[in-house]
Amino acid sequence: MRFRSAPPPMNPLPPKPPALPPPPPAEHLRTALPTLVRWPNLLIMLLCLALVRAGLLLPELPLRQSLLAPRFGLLVWAALLVAAAGYIINDYYDVKIDAINRPDRLVIGRVVNRRMAMLAHLALSGVGVLVAGWLHPVLGAVTLGTALLLWGYSARFKRVALVGNVSIATLTAALVLLPELQLQLERNDSHSVVWPYALAAFLLTVVREIMKDVEDMRGDAQHGCRTLPLVWGVARTKWVAGFFLACLALLTLGATGRLFASGHWPLGLWLTLLVLLPMAQLARLLIRADRRRHFRHLSTFCKGIMLAGVLSMALAGSL
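Structural notes, computed from the coordinates. The structure presented is a predicted model; accordingly, all values stated were derived computationally and were not measured.

What follows deals with the packing of helix H2 (residues 39-57) against helix H8 (residues 163-187). The geometry of H2 relative to H8 is characterised by a closest axis approach of 9 Å and an angle of 45 degrees between their N-to-C directions. Taken together, H2 and H8 sit at an angle that is classed as oblique. Crossing of H2 against H8: the hand is right-handed. Of H8, the residues touching H2 (which contributes Met45, Cys48, Leu49, Val52, Arg53 and Leu57) are Leu175, Val176, Pro179, Glu180, Gln182 and Leu183. Taken together, the residues that form the contact of H2 with H8 break down as 9 nonpolar, 1 polar and 2 charged.

Here you go:
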């Protein structure tokens, strides 16, 4: 018996398309590294340290003498190294969350592998702590505490309601106080002129970190974080942010009133026009905010107010 071969199928399957090449990384390594360490934020830190020293602590000295002092340069270098390491370790622990919240800015795992990121964090933190410790043991201890707090924040604290916000705010205030601490240790003097700025930086940073938590709710919820908006809801979280913003407004309003009363009009006008009025607008926008993009805008608004406050130090030195 002869068997006839089966006829070909009427609708043969189309040939399988060739595998597409993997998508190229979002950025080349050369451009990804500045993104990883948040170079705009580092520049703001550098500006803040310079204005604290030249504007608040040593206004009577020429800029060249106050800012180009070798020991101050080493302190700035140590602070920026630890801050850059903090950004790296934060992204290291947030790879999965950032893949949801900020996929366009994902660097670790796409451009820089996780092992290299961890080694970079340890190297930058270690050098920063050693440099600060060489300047003075107290500065080394403060810098080591900062590095450990940044690690704790990235690994655990940021996932706990309000704890992470207060941690970052404390580190921001410590950055403002660092040049004064160095000067006090060198002069054995305890007189402080920077605390009002440090307190203002603390309050505004809490507000901004809360805004960022609301903005990042989607990714945080999928990875078990218990940030303030996830625990209390957005409406109550806005009240908490409003409380810290009101405290900051009262602090700034009191300082502005004293400046006008004592005849220091330039700084008083600066704080009124570039800090108090934007804070009023921030409060108005906070009341109306109910979308992710609204809170992203509020976070950027906080950054602008902080920059205006930092720049006011240039006028505060004449008081």
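Now that the structure is up, let's keep going.
For the rest of this paragraph, the subject is the environment of Tyr92. Tracing the backbone through its elements, the reader meets Tyr92 in helix H4 (residues 70-93). Ignoring any residue separated from it by four or fewer positions in sequence, one finds Tyr92 in contact with Ile108, Arg114, Ala117 and Met118.

The next subject is the packing of aromatic side chains. Tallied over the entire structure, the rule returns 3 aromatic pairs. For the pair Tyr92 and Tyr93, a centre-to-centre distance of 5.3 Å together with 85 degrees between the ring planes defines the contact as edge-to-face. For Tyr92, a relative accessible area of 16% puts it in the buried group. We classify Tyr93 as partly exposed; its relative accessible area is 30%. Here the aromatic rings of Phe243 and Phe244 are separated by 5.5 Å at their centres, their planes lie at 75 degrees, and the arrangement is edge-to-face. Phe243 gets classed as exposed once you look at its relative accessible area, which sits at 51%.

Here we come to the environment of Gly268. Counting through the fold element by element, Gly268 comes out in helix H13 (residues 265-288). Separated by 10 residues in the primary sequence, Gly268 and Arg258 place their C-alpha atoms 8.5 Å from one another. Look past the residues within four positions of Gly268 in its chain and what remains in contact with it is Thr256, Leu259 and Phe260.

Conventions we followed
- Residues numbered from 1 in each chain as written.
- Predicted model: local features only at pLDDT ≥ 70, side-chain atom pairs only at ≥ 80, totals over all residues.
- Heavy atoms only, no water.
- Axes fitted to C-alpha atoms, helices over the stretch in contact; angles between N-to-C directions.
- Helix = DSSP H or I, 4+ residues; strand = E, 2+ residues; numbered from the N terminus.
- Parallel < 35°, antiparallel > 145°, perpendicular 65-115°, else oblique.
- Left-handed = near helix turned anticlockwise from the far one by under 90°.
- Contact = heavy atoms within 4.5 Å.
- Nonpolar A, V, L, I, M, F, W, Y, C, P; charged D, E, K, R; others polar.
- Phe/Tyr/Trp six-rings, centres within 6.5 Å; stacked < 30°, edge-to-face > 60°.
- Buried < 20%, exposed > 50% of the residue type's maximum accessible area, 1.4 Å probe, protein only.

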